[in-house]
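Here is how the chains run, residue by residue.
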Amino acid sequence: MKIAIMQPYFLPYIGYFQLISSVDKFVSYSIVDYRKSSWINRNRVINYSNQNVSYIGYPIRKFRSGTIISNVQINEFSDWRTGARKFIFHNYKRSPFFDEIFHVYESILENSSEYVAELNNHAIKSICSFLDIKTVIEENNKPYEEIEEKLKSDIESGLPPMTARIAGICAYEEASHYINPIGGQGLYKPEDFQKFGVDLSFLKVNDLNYDQHLDVFHPNLSILDVLFHNGREKVKSMLSEFELIT
């Protein structure tokens, strides 16, 4: 079984969905510490008023250092959903696939969860359903809590903590192949995974230039930007535009 493990990001770039589509099971991992300035509660889209990119996302409540992602709450005292809807409406209303995509975005904003992981998982699953991605998405992290406890107790494994975590999850899921985004090449070693009978591959997104109606192309924006400019059927074909590197 092929498996991938990522934190639940907010409306992530297309490479995130390529990763999901390339495996049999995708583990949305939310029992690690929340980090500020991450992709958990924000992402980038085009701001046509200044011909550049801007962040779109939602505010979170104050939290203590060391709070895991699944315990971080959305700050509902601000009417962020109305602002997020208006921003995307005004910036993408002239995009070629606005009518096809905007209702999907609206349905994501209608989710009333108070927790970032729940909202993000809802958004990820909504996009996957829209794009006919059939991968099993596992958002229940309860079975992996023992793995986190072992990492905290400094049990000698001879492996870096992040590698030990992934190896433990692969063992629990009986996965034989782990796929990670290309950015992990400097973090993970194939020989460490081979000790557990797990093959390691890295997913590299192909160059996916498309018309953003700007003089300069901005890569790796939220999946929203890709969808508004390309439409459902085209994006479905773009999901296979990647290379697996071993």
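Right above here is the structure, for reference.
Residues numbered from 1 in each chain as written. Predicted model: local features only at pLDDT ≥ 70, side-chain atom pairs only at ≥ 80, totals over all residues. Heavy atoms only, no water.

**A few points about the overall build of the protein**
So, step 1. Regarding its fold elements, the protein presents eight helices and eight strands.
So, step 2. For the protein, the C-alpha radius of gyration of 19 Å lies close to 18 Å, the compact-globule estimate for 246 residues.
So, step 3. Dimensions of the protein along its principal axes, counting C-alpha atoms only, are 55 × 40 × 30 Å.
So, step 4. Residues classed as buried in the protein amount to 48% of the 246 residues present.
So, step 5. Approximately 12600 Å² of the protein is accessible, and the part contributed by carbon and sulfur atoms is 47%.
So, step 6. A distance of 5 Å separates the average location of the 26 positive side-chain charges in the protein from that of its 31 negative side-chain charges. (Helix = DSSP H or I, 4+ residues; strand = E, 2+ residues; numbered from the N terminus. Rg over C-alpha atoms; globule rule 2.2 N^0.38 Å. Buried < 20%, exposed > 50% of the residue type's maximum accessible area, 1.4 Å probe, protein only. Areas by Shrake-Rupley, 256 points an atom, 1.4 Å probe, with all protein chains shown as cover. Lys, Arg positive; Asp, Glu negative; His and termini not counted. Charge placed at Lys NZ, Arg CZ, Asp CG, Glu CD.)

**With respect to the nonpolar core**
Note that soluble globular proteins tend to have their nonpolar side chains buried in a common cluster.
So, step 1. Membership of the largest hydrophobic core comes to 76 residues, with the highest contact counts inside it found for Phe17, Phe26, Ile88, Tyr105 and Tyr178.
So, step 2. With sequence-adjacent residues up to four places away left out, phenylalanine 26 is seen in contact with Ala4, Met6, Tyr16, Leu19, Ile20, Thr135, Val136, Ile137 and Glu138. (Core = buried A, V, L, I, M, F, W, Y, C linked by side-chain atoms within 4.5 Å. Contact = heavy atoms within 4.5 Å.)

**Focus: the packing of aromatic side chains**
So, step 1. If you walk through the whole model with that rule in mind, you get 20 aromatic pairs.
So, step 2. With a centroid separation of 5.9 Å and 40° between ring planes, the pair formed by tyrosine 29 and tyrosine 144 is classed as tilted. One end of the pair, tyrosine 29, is in the loop between strand S2 (25–28) and strand S3 (42–47); the other, tyrosine 144, is in the loop between strand S5 (136–138) and helix H5 (145–152), and 115 residues separate them in sequence. Across this residue pair, the class does not change: tyrosine 29 and tyrosine 144 are buried.
So, step 3. With centroids separated by 5.9 Å and ring planes inclined at 15°, the aromatic side chains of phenylalanine 98 and phenylalanine 228 adopt a geometry described as stacked. Of this pair, phenylalanine 98 sits in helix H3 (residues 98–109) while phenylalanine 228 sits in helix H8 (residues 223–238), and the two are 130 residues apart along the sequence.
So, step 4. Here the aromatic residues Tyr48, Phe89, Tyr92, Phe98, Phe102, Tyr105 and Phe228 are joined through ring pairs into a cluster of three or more.
So, step 5. The ring of tryptophan 39 has arginine 42 lying over it, and the distance from NZ or CZ to the ring centre is 5.9 Å.
So, step 6. The lysine or arginine in question, arginine 232, covers the ring of phenylalanine 130, its NZ or CZ lying 5.6 Å from the ring centre. (Phe/Tyr/Trp six-rings, centres within 6.5 Å; stacked < 30°, edge-to-face > 60°. Lys NZ or Arg CZ within 6 Å of the ring centre and 35° of its normal.)

**Description of the environment of phenylalanine 228**
So, step 1. Judged by its relative accessible area of 0%, phenylalanine 228 falls in the buried class.
So, step 2. Other than its neighbours up to four places away in sequence, phenylalanine 228 contacts Ile88, Tyr92, Ser95, Pro96, Phe97, Phe98, Ile101 and Phe102.

**Considering the sheet that holds S2**
So, step 1. Read from one edge to the other, the open sheet built from six strands follows the order S5-S2-S1-S6-S7-S8, with strand pairing classed as mixed. If you trace the sheet from one side to the other, it starts and ends with S5 and strand S8 (242–245), each paired once. The average undirected angle you get between the axes of adjacent strands in this sheet is 30°.
So, step 2. By the bridge criterion, five bridges tie strand S6 (residues 177–181) to strand S7 (residues 199–205) in an arrangement that is parallel. Residue pairing for S7: isoleucine 179 is matched across the bridge by serine 201. (Pairing = 2+ DSSP bridges. Axes fitted to C-alpha atoms, helices over the stretch in contact; angles between N-to-C directions.)

**Observations concerning the layout of surface pockets**
So, step 1. Counted as a void, the largest pocket has a volume near 1200 Å³.
So, step 2. Lining the largest pocket are 37 residues, with Met6, Gln7, Tyr9, Val32 and Met162 positioned closest to its centre.
So, step 3. Going through the elements one at a time, strand S1 (2–6), helix H1 (14–21), H5, helix H6 (161–173), S6 and S7 are the ones with two or more residues in the lining of the largest pocket.
So, step 4. Top contributing element to the lining of the largest pocket by residue count: H5, with five residues.
So, step 5. Taken together, the residues of the lining of the largest pocket sort by class into 22 nonpolar, eight polar and seven charged. (1 Å grid on protein atoms, 1.4 Å probe; cavity = no way out; pocket = protein on both sides within 12 Å on 5 of 7 lines; lining within 4 Å. Points joined across faces, edges and corners; volume = space filled by probe spheres on them. Nonpolar A, V, L, I, M, F, W, Y, C, P; charged D, E, K, R; others polar.)

**Observations concerning the pattern of salt bridges**
So, step 1. For the structure shown, the criterion picks out twelve salt bridges.
So, step 2. A salt bridge links glutamate 139 to lysine 125, with the nearest nitrogen and oxygen atoms 2.4 Å apart. Placement of the pair is glutamate 139 in the loop between S5 and H5 and lysine 125 in helix H4 (residues 116–130), with a sequence separation of 14 residues.
So, step 3. When the shortest N-O distance is used, the salt bridge between lysine 150 and glutamate 146 registers 3.9 Å. (Salt bridge = Lys/Arg side-chain N within 4 Å of Asp/Glu carboxyl O.)

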